[in-house]
Amino acid sequence: MNGQLPTAPGPIGVFDSGYGGLTILRQIRGMMPQYDYLYLGDNARAPYGTRSFEVVYEFTLQAVCRLFEMGCHLVILACNTASAKALRSIQQNDLPRLDPTRRVLGVIRPTVEALDAVSRTGHIGIVATPGTIRSNTYALEIAKLHPEMQVSGEACPMWVPLVENNEYDSPGADYFVEKRMGNLLRHDPQIDTVILGCTHYPLLLPKILQYTPREVTVMPQGEYVASSLRDYIQRHPEMAARVTQGSTTRFLTTEQPEQFSQSAAIFLGEAVEAERIQL
Ligand code: DGL
């Protein structure tokens, strides 16, 4: 495959199972508007959060390979489920074979790195998809960087479908948000920081805040992922040279492009014209 990959500089690839990664793209573009971006949402197969390790890995690898074929040298998995279940295998087993000079980065590590600046009690709550919670990746990463911290996780299987179906600000969403936040905070009343461990969840933020005591900090990931990417590019001039700078964004989806364009325009607050691809 290496022989077929384009070698010319290309856009930064941003991948998610659906719309959630747009919350990350928005922050990355805000910080680094000069680059070109290629966003891919696998909407036809979302949500990933309830799927097995093998399937998430297989789907994510297909998406990464497509983004490489379309000219990306650097791909961000703007999806916690894919970062938890596929990132390590892709980095360790697939990249050396596909092209050891390309990079795939995730969203979990940058979020965990920021924790000690945010939490005072060291009691951390994670809300995420069932797949991310079951993988235990957050707890393992936190144990590596901040072994003194206490971690509690709550799986929220209904939250991504609420966002994917444009129901995130409907009264029906209140029930599911209140239930999950209540479970988490009852489990450890000393929690002072809640990580939104799914890139879809910033859309639910107004509702999440409604069911969170004021002294608890709710932590979306976008700004941490964006600043960590900026640092990465600064520390790796050889990668910076392989990213084109035209301030464009192209959107790809595996579902209906009209639907994607409409929803993405709401997420990003700008007109979007998506193209359909098959993985
Ligand atoms: N946006 C993905 C995440 O951050 C979630 C998605 C899904 O269940 O498809 O985990």
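Description of the overall build of the protein
Here is step 1 of the chain: Helix and strand counts for the protein come out as 14 helices and ten strands.
Here is step 2 of the chain: Compactness check: the protein gives a C-alpha radius of gyration of 18 Å against a globular reference of 19 Å for 279 residues, within 12% of the reference.
Here is step 3 of the chain: Once the C-alpha set of the protein is aligned to its principal axes, its extents read approximately 55 × 40 × 35 Å.
Here is step 4 of the chain: Of all 279 residues assigned to the protein, the portion counted as buried reaches 56%.

Re the environment of alanine 264
Here is step 1 of the chain: Here alanine 264 shows up in helix 14 (residues 257-268).
Here is step 2 of the chain: Every residue in contact with alanine 264, bar those within four places of it in the chain, is listed here: Tyr19, Leu22, Gly269 and Val272.

Remarks on the site of the ligand
Here is step 1 of the chain: The environment of the ligand is made up of 13 residues, and the closest members are Ser17, Tyr48, Gly49, Asn80 and Thr81.
Here is step 2 of the chain: In the model, a nitrogen atom of the ligand is placed 2.9 Å from a nitrogen or oxygen of the aspartate 16 side chain.
Here is step 3 of the chain: Here the ligand loses 99% of its free accessible area of 300 Å² to cover by the protein chains.
Here is step 4 of the chain: Considered class by class, the residues forming the shell around the ligand number five nonpolar, seven polar and one charged.

Quick notes on the rules
Residues numbered from 1 in each chain as written. Predicted model: local features only at pLDDT ≥ 70, side-chain atom pairs only at ≥ 80, totals over all residues. Heavy atoms only, no water. Helix = DSSP H or I, 4+ residues; strand = E, 2+ residues; numbered from the N terminus. Rg over C-alpha atoms; globule rule 2.2 N^0.38 Å. Buried < 20%, exposed > 50% of the residue type's maximum accessible area, 1.4 Å probe, protein only. Contact = heavy atoms within 4.5 Å. Near = heavy atom within 4 Å. Polar contact = N/O pair within 3.5 Å; in protein donor to acceptor, adjacent residues only side chain to side chain. Areas by Shrake-Rupley, 256 points an atom, 1.4 Å probe, with all protein chains shown as cover. Nonpolar A, V, L, I, M, F, W, Y, C, P; charged D, E, K, R; others polar.

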